[in-house]
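Chain residues, written in single-letter form:
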Amino acid sequence: METVEYDVVVIGAGPAGENAAQYAVEGTGMTAVLIERELLGGECSYWACIPSKALLRPIAVADVTADLPGVSTAHVAPKALLERRDTWVSHYDDSGQVDWAKGVGLAVLRGDARITGERTVRVSSADGDVLVRARRAVVIATGSAAHVPEVYADALPWDSRDATGVVDVPERLVVVGGGVVACEAATWMAALGSSVTLVVRGHQLLARTEPFAGEAVLAGLRERGVTVLLGTSVEAVRRSDAQATGTGRVHGGPVTLTTTHGELEADELLLAIGRSPRLDDIGLSSVDLTADHVTGGRLPEWLYAVGDATGGPPLTHWGKHQARVVGVRIASRAAGEVAWEPDREAPVPQVVFAEPEVASVGLTEAQARDAGHEVVVTRVPTASAAGTSLLRDHVAGDSQLVVDAHTRLLLGATFVGPGAGEMLHAATVAITGGVPVHVLRHAVPSYPTASELWLRLLEELPPQFRTPPPVS
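By convention here, each chain's residues receive numbers from 1 onward along its written sequence. Per-residue local features of the predicted model are confined to residues with pLDDT of at least 70, and side-chain atom pairs are confined, for both listing and counting, to 80 or more; whole-chain, interface and lining totals are unaffected and use all residues. For side-chain calculations, the full set of non-hydrogen atoms in the structure is used, while hydrogens and water are omitted.

A. Structural view of the overall build of the chain. The helix and strand inventory of the chain stands at 16 helices and 21 strands. For the radius of gyration, the atom set is restricted to C-alpha positions; the globular benchmark scales as 2.2 Å times the number of residues to the power 0.38. For 472 residues, the compact-globule formula gives about 23 Å, and the C-alpha radius of gyration of the chain, at 24 Å, lands near that figure. Judged by the C-alpha coordinates and their principal axes, the chain covers about 65 × 65 × 40 Å. The rule is simple: take the accessible area with a 1.4 Å probe, protein chains only, and divide by the maximum for that residue type; under 20% is buried, over 50% is exposed, in between is partly exposed. The 472 residues of the chain split such that 48% are buried. In this description, contact between two residues means that some pair of their heavy atoms is separated by no more than 4.5 Å. Put simply, 68% of the contacts in the chain that link residues at least 6 apart link residues at least 24 apart. The chain carries 38 positive and 57 negative side-chain charges, and their two centres are separated by 3 Å. In this description a helix means any DSSP run of H or I spanning at least four residues, a strand means any run of E spanning at least two, and both kinds are numbered starting from the N terminus. We count Lys and Arg on the positive side and Asp and Glu on the negative side, and we leave His and both chain ends out. Every charge is mapped onto a representative atom, which is NZ of Lys, CZ of Arg, CG of Asp or CD of Glu.

Have a look at this one:
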C-alpha cells in the first residue's frame, strides 16, 4: 500500500474542512490534504444552502412584485428556476472547487477515509488504497446525514438533497417536519406547483425561535396554499413499489401516511426532521473513541472535529467559524505558540428564508430566562420604521430584542420581515463585542433604511437604559 505524509489531514472537504485545512497551513510552509468521497464543497455547495437560496430568491422577488404597486407582477417560471439552481450548483461538477483547493496549496484525495491509528488514515477508492500519515493533526469534517427513523425507511422518502435537487415535481407532496428545511422546502415546492401538506409534531413552526416568528411563517405558508397540520404525529407509512430512482425523482408509487390527524396520501414524502453527525464509518474505534467522544469534544491532542460532525448547530457559517478557530490552533501549536481566541463563546446567527424571512441570533426570551437572566424585552412591528415599510406594502411580522436587565447587554435578537437577514449582523456584532444598549443607541442608522428599525427597538426600552447602569 502506498504511504504519503502531510502535516494536516482533513477528512471531508465541505466548507468546514476546506477552511480548517487552509487556516492550518496558510503562510506556514506546512502541507495539508483534503479527503473527500463525494464532491468538494460538500452539502452546502450542492445540496443545501446554495441550491435552496438559488430556488428561493426568485420566488421572493415575485412575491415583492405582487405587493409593490408601480411594477408588473412577476411569476415563477419552474423550468427557468430549476435551471438557475443547476447553474449555482455548477451542474454538480466540483472541478472549480478542486482548482480552488490546489490554488491555495491544498492536496486532494478522492475516496472513503477511515482512521486506522494515531495520525493515520486509510483512503479507499476504485484505484486502490492509500495510507495517509499526519505529522501534526487529523481533522474530522465529515458533515451530517439526514435522520430517517425506521417507520419511514421502507418508503424511501426524499431528504433535503432530493428537495433541493428536485427533478420530478410531485403533484402532491407531504413534508414531515416544522424546522428550517421543512419551511423553506415547502415554499419552493409550492411555487414549483406541488400541493404541499406540512405535518408538524409540535404545536409551532421553527420551535427554536421566538413563537411570534413561527406564527408569522405559519401564516405565510398558509397564505401561499400550503396545508399545515400542527400537533400531528406520523404512526405508519406505506408505499407501493418504492424505488431508488435517483436524487430529486419520485421514489415509486403513492405514499400513504397514517397520522393522528387521519390518513394522508401523496405522490412523494419529504422527511425533514433533522440530521445526525456522520461518524459511524470513519474508524473511531481504532483509536478507542466513539461518536460521543467527538460530539463531546473529548479528543486526543492530534485529533480535531469541525462542522456538523461536532453535533453543534448544523449551519455552514458556524462550521466555517469552528474551522477557522481550529485551523489557527493547529498552526499556532506547530509554531510553539498559543492562538489568541476571544474570552466569550461566539453567538450563532441563523436566517430562515421563508415568507416572511426570519433572522435570529443569541438567546430567545425563554432561553434567557431559563439561563437565569432577568430580562427586558422590546418588540415592535417590523413595519414601524419607514425604511422597512417602504420595502413592500404589506410587511408581516414583529422584531424583538432581549436585553439583560442588569448588565444592559444584548442577549438575543429576532427580526421577521423583508430583508430580516440583512439586519441581523449588527446584532451578532453587538453580542460578540459586548456592546451595551446605551452605546448602541448612538450607532446612527441611515434614513430611510431597514436598519432604522434598530432605533425603534432601542427607543422602546425603559428610559434608564439610555445611560450606563449604576456601578454596584
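Once the structure has been displayed, the description carries forward.
B. Structural detail: the side chain of glutamine 322. In this fold, glutamine 322 is placed in helix H11 (residues 316-334). In this structure glutamine 322 touches Val306, Gly307 and Thr310, once residues within four positions along its chain are discounted.

C. Layout of the sheet that holds strand E9 (residues 195-199). Any two strands with at least two DSSP bridges between them are considered paired. Overall, parallel pairing links the four strands, which are arranged E10-E9-E8-E14 in an open sheet. Looking at which strands have only one partner, the edges of the open sheet turn out to be strand E10 (227-229) and strand E14 (268-271). Ignoring which end each strand starts from, the neighbouring axes of this sheet average 20° apart. Pairing between strand E8 (residues 172-176) and E14: four bridges, direction parallel. Bridge pairing in E14 links valine 175 to leucine 270. Working convention: axes come from line fits to C-alpha atoms, limited for helices to the stretch in contact. Angles between N-to-C directions cover 0 to 180 degrees.

D. Region of the structure containing the pairing of strand E2 (residues 32-36). Taken across its five residues, E2 has five buried, putting it largely inside the fold. Across the two faces of E2 the burial is the same, with Ala32, Leu34 and Glu36 and Val33 and Ile35 all buried. Note: strand E1 (residues 2-11) against E2, four bridges, orientation parallel. If you follow valine 9 over to E2, its bridge partner there is valine 33. Here a crossover is taken to be right-handed if, once the strands point away from the viewer, the path from the first strand over the helix to the second is traced clockwise. The parallel pair E1 and E2 is bridged by helix H1 (residues 15-25), and the resulting crossover is right-handed.

E. Just the environment of valine 358, in detail. As for its position among the elements, valine 358 is in strand E18 (residues 358-362). If we skip the residues at most four places from it in the chain, valine 358 touches Leu206, Ala213, Val217, Gln350, Val351, Val352, Phe415 and Val416.

F. Structural context of H11. Residue count minus one, scaled by 1.5 Å, sets the expected span of a helix. Across its 19 residues, H11 extends 27 Å between first and last C-alpha, which sits within 8% of the 27 Å expected from 1.5 Å per residue. Within the span of H11, buried status applies to Trp318, Gly319, Gln322, Ala323, Val326, Gly327, Ile330, Ala331 and Ser332. Those residues of H11 that are buried are in contact with E1, H1, strand E6 (128-140) and strand E16 (303-305). Glycine 336, located one to two residues past H11, shows a positive phi value of around 75°.

G. Up close: the pattern of salt bridges. A pair is scored as a salt bridge if a Lys or Arg side-chain nitrogen falls within 4 Å of a carboxyl oxygen belonging to Asp or Glu. Inspection of the entire model under this criterion finds 28 salt bridges. Here arginine 161 and glutamate 43 are joined by a salt bridge, their closest N and O atoms 2.8 Å apart. Here arginine 161 is found in helix H7 (residues 160-164), whereas its partner glutamate 43 is found in helix H2 (residues 42-47), with 118 residues between them in sequence. One salt bridge connects arginine 392 with glutamate 355, and the closest N-O pair in it is separated by 3.4 Å. Here the residue arginine 392 occupies a position in the loop between helix H13 (386-389) and strand E20 (398-404), and glutamate 355 occupies one in the loop between strand E17 (350-352) and E18, the gap between them amounting to 37 residues. On the basis of relative accessible area, glutamate 355 is assigned to the partly exposed category, the value being 22%.

H. Up close: the packing of aromatic side chains. To pair, rings of Phe, Tyr and Trp, with the six-membered ring standing in for Trp, must have centres within 6.5 Å; the planes then decide the type, stacked if under 30 degrees apart, edge-to-face if over 60, and tilted in the middle. Enumeration according to the criterion identifies two aromatic pairs in this entry. Between tyrosine 46 and tryptophan 47, the ring centres sit 5.7 Å apart and the planes meet at 55°, which makes this aromatic pair tilted. In this structure tryptophan 47 comes out as buried when scored by relative accessible area, which is 9%. On the basis of an interplanar angle of 50° and a centroid distance of 5.7 Å, the ring pair of phenylalanine 415 and tryptophan 454 is categorised as tilted. On the criterion of sequence distance, the pair formed by phenylalanine 415 in strand E21 (residues 410-416) and tryptophan 454 in helix H16 (residues 453-459) is long-range, its members being 39 residues apart. Sitting above the plane of the tryptophan 47 ring, arginine 161 keeps its charged end 3.6 Å from the centroid. A ring has a charge above it when a Lys NZ or an Arg CZ is no more than 6 Å from the ring centre and no more than 35 degrees off the ring normal.

I. Representation of the packing of helix H3 (residues 49-65) against helix H4 (residues 78-88). Two elements in contact, H3 and H4, have axes whose closest approach is 9 Å; the angle formed by their N-to-C orientations is 145°. The two elements H3 and H4 meet at a crossing, and its hand is right-handed. Each of Ile50, Pro51, Lys53, Ala54, Leu55, Arg57, Pro58 and Ile59 in H3 lies in contact with H4, whose residues at this interface are Leu81, Leu82, Arg84, Arg85 and Trp88. Taken together, the residues of the contact of H3 with H4 sort by class into nine nonpolar, no polar and four charged. A clockwise turn of the near helix away from the far one marks a right-handed crossing, whereas an anticlockwise turn of less than a right angle marks a left-handed crossing. As a working rule, the residues Ala, Val, Leu, Ile, Met, Phe, Trp, Tyr, Cys and Pro are called nonpolar, Asp, Glu, Lys and Arg charged, and the rest polar, with Gly in that last group.

J. Inspection of the sheet that holds E17 at higher detail. Ordered in space as E17-E18-E21-E20-E19, the five strands form an open sheet in which the pairing is antiparallel. At either margin of the open sheet sits one strand with a lone partner, and together these are E17 and strand E19 (375-381). Between one strand axis and the next, the sheet turns through 10° on average, direction left out of account. One ladder, built from seven bridges, connects E19 with E20; its direction is antiparallel. In the strand pairing of E20, valine 380 is matched with serine 399.

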